[in-house]
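Next come the chains, spelled out residue by residue.
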Amino acid sequence: MTETNDEMVFLGTKEVAAILGCSLPTARHIMQRRDFPLIRVGRMMKVSKAALIRWSETRRI
């Protein structure tokens, strides 16, 4: 059985909204902040789970 490494788990807008407890438009707005660890894949916005956790622990939304 393999363990999931949070560094390799990438989340999209829907997952970010669910984790932060906000709407999709708000999650998109947050993900476009300069200090957000965003990864763009074409038009898709992604963030690693570990980076989102680190970011949310040190920021006030």
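The model shown is predicted, which means the values in this text are computed figures rather than measured ones.

K.L.:
Before we move on, could you go through the side chain of Thr-13 and cite the residues and values that matter?
P.N.:
You can see Thr-13 is positioned in helix H1 (residues 13-20). The class for Thr-13 is buried, based on a relative accessible area of 16%. If sequence neighbours within four positions are ignored, Thr-13 has contacts with Leu-24, Ala-27, Arg-28, Met-31 and Met-45.

K.L.:
Give a description of the pattern of salt bridges that names residues and reports values.
P.N.:
Per the stated rule, a full pass over the model turns up 1 salt bridge. Ionic pairing is found between Arg-33 and Asp-35, a salt bridge with its closest N-O pair at 3.0 Å. Of the residues examined, Asp-35 reaches a relative accessible area of 27% and is grouped as partly exposed.

Calculation criteria
- Residues numbered from 1 in each chain as written.
- Predicted model: local features only at pLDDT ≥ 70, side-chain atom pairs only at ≥ 80, totals over all residues.
- Heavy atoms only, no water.
- Helix = DSSP H or I, 4+ residues; strand = E, 2+ residues; numbered from the N terminus.
- Buried < 20%, exposed > 50% of the residue type's maximum accessible area, 1.4 Å probe, protein only.
- Contact = heavy atoms within 4.5 Å.
- Salt bridge = Lys/Arg side-chain N within 4 Å of Asp/Glu carboxyl O.

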